[in-house]
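Coordinate inspection notes
Chain by chain, the residues run as shown.
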Amino acid sequence: MIQGVQGNPTVYLNGDWLPLSEAKISVLDRGFIFGDGIYEVVPVYSKRTFRLESHLARLQRSLAAIQIHCSMQLQDWNAIFTELIQRNKGDDQFLYLQVTRGVAKRDHAFPDPAVAPTIFAMSSPFHPPSQELRETGISVVSQPDERWLHCDIKSTALLGNVLARQAAIDRGAAESVLFRDGFLTEGAASNIWIVKDGILHAPIKNHLILEGIRYGLMQEIAESLHIPVQIRRIRQQEIPQADELLLTSATKEVLPIVRIDQRPVGPEGHAGKPGPIYQKIRQAYDRLIQKLRSADQ
Ligand SMILES: Cc1ncc(COP(=O)(O)O)c(C=O)c1O
C-alpha cells in the first residue's frame, strides 16, 4: 500500500504494463538522483482526454529544451494514453507522464546518448472541483518566487514549487501566488489571472512561468465571451485592487480566489465572493467539458 493511493492501478513503465506496486526503477535513475526529467498531467473526462494535442506539444517542447532524445512519436504517446485510460477504472482520470534521462553512473554531465530515457505513465482518479468549492472559492497566500529561471520547462525538479505549496498549506491556504522582483509570476502549480474593470489580465508567458494548457484555453474562452484580455507584467501592488483573481490548472480547472493573505478579494459589497467574470468563464469551461463528454466516439 502506498499512502494516499487507492487500489493498485495499472501503470506503464518502459514498454511494460504492470500494477503500480510492481513498477520499479533503478536508484541511479537520473530522475531520482537529479530531478533530470520532464512530466505532463492530462485530464480525462468520460474516458476522453482534454486538450491532449496541446499537452503533447508542450511535452515535446520540454524534452527538446533539456535535450532528452526520445524516439516516441505523437502516435506512440497517444497509444499509451488510450491504453492507460482503458486499463484503469473511472470515467474521469488524470494521466501523469514522466520522461527522465535514464539510468547511468551518477555524473552531472549527460550520459552516453545510447542510454534510453525512462518512460513512466500512470492514471489516477480525477475528482473535478466540487460545486461547493466552485461557489466558495479558495484562499491563497503571497510568496516570493524562489525558483530557477526556466519555469517554462515542465521539469520534475519541483522543489521550489513543493516548498511554495507547503508554505500555503502551513498558512491554511490552498495555493501560493508567487512574485518575482515585485511582479506576479504564477501559482506553485497553477496559472493566476486577475480581473480589473472587466478586463482579464495575465502575466506574459516567458521563461518565468509555465505556459499552462489552460493559459491558451482561457484566452480562447475570453475571446468567445468578448472579454478583453491583456497580457502584461502585473505588479504585486495591483493585486489588492483586483476585482477578481482566478486560478487555472489541469486538475483545478478554473477556480475563483476569494482571499489572499487573509484579505477578501474584490470590490466592497462583493468582496470574498466569486465574481461575474469567473462565473462566465466557468460556464464556458463547463460547456467545453460537456461537449467532450457527449462527443461521438
Ligand atoms: C507551475 C505551474 N504553472 C502552471 C500550471 C498550469 O498548467 P496546466 O493548465 O497545463 O495544468 C501548472 C500545472 O501543474 C504548474 O505546475
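Reading the values: the criteria
- Residues numbered from 1 in each chain as written.
- Predicted model: local features only at pLDDT ≥ 70, side-chain atom pairs only at ≥ 80, totals over all residues.
- Buried ≥ 20, exposed ≤ 12 C-beta atoms within 10 Å, placed from the backbone.
- Helix = DSSP H or I, 4+ residues; strand = E, 2+ residues; numbered from the N terminus.
- Pairing = 2+ DSSP bridges.
- Right-handed = clockwise from strand over helix to strand, strands pointing away.
- Expected span 1.5 Å × (residues − 1).
- Arc of directions from axis to C-beta.
- Near = placed C-beta within 6 Å.
- Nonpolar A, V, L, I, M, F, W, Y, C, P; charged D, E, K, R; others polar.
- Domains from an automatic or database assignment.
- Contact = placed C-beta atoms within 7 Å.
- Axes fitted to C-alpha atoms, helices over the stretch in contact; angles between N-to-C directions.

Attention shifts here to the pairing of strand 7 (residues 138-144). Strand 7 sits mainly inside the fold: five of its seven residues count as buried. For strand 7 and strand 14 (residues 253-260), the ladder comprises three bridges, and the chain directions are parallel. Bridge pairing in strand 14 places I138 opposite I257. Two elements, strand 7 and strand 8 (residues 175-180), share five bridges in a ladder whose sense is parallel. Looking at the pairing, P144 lines up with F179 of strand 8. The parallel pair strand 7 and strand 8, bridged by helix 5 (residues 159-170), forms a crossover whose chirality is right-handed.

Turning our eyes to something else, we now look at helix 2 (residues 52-65). For helix 2, with 14 residues, the first-to-last C-alpha span of 20 Å sits near the 20 Å given by 1.5 Å per residue. Taken as a whole, helix 2 has its buried residues at L52, H55, L56, R58, L59 and S62. Buried residues along helix 2 cover an arc of 160 degrees about the axis, so they all sit on one side. At the exit of helix 2 stands Q67, carrying a positive phi of roughly 55 degrees.

Taken together, 13 residues are adjacent to the ligand, and L210, G212, I213, R214 and A250 come closest. Breaking the shell around the ligand down by element, the ones donating at least two residues are helix 6 (213-224) and strand 13 (244-249). When its residues are assigned to classes, the shell around the ligand shows five nonpolar, six polar and two charged.

A few words on the domain arrangement of the chain. Structurally, the chain comprises domain 1 (10-125) and domain 2 (131-293). Taking only C-alpha atoms, the centre of domain 1 and the centre of domain 2 are 27 Å apart. Between domain 1 and domain 2, the contact holds 22 residues from the first and 14 residues from the second. Within the residue set of the side of domain 1 that touches domain 2, elements represented by two or more residues are strand 3 (37-45), helix 2 and strand 5 (93-100).

The next subject is the sheet that holds strand 2 (residues 16-19). In any sheet, the strands associate via hydrogen bonds between backbone groups, in a parallel or an antiparallel arrangement. Read across the open sheet, the six strands follow the order 2-1-6-5-3-4; overall the sheet is antiparallel. Each edge of the open sheet carries a strand with a single partner, namely strand 2 and strand 4 (48-49). Docked against the sheet, helix 3 (residues 74-87) engages strand 1 (10-13), strand 2, strand 3, strand 4, strand 5 and strand 6 (118-125), running at close to 40 degrees with respect to strand 6.

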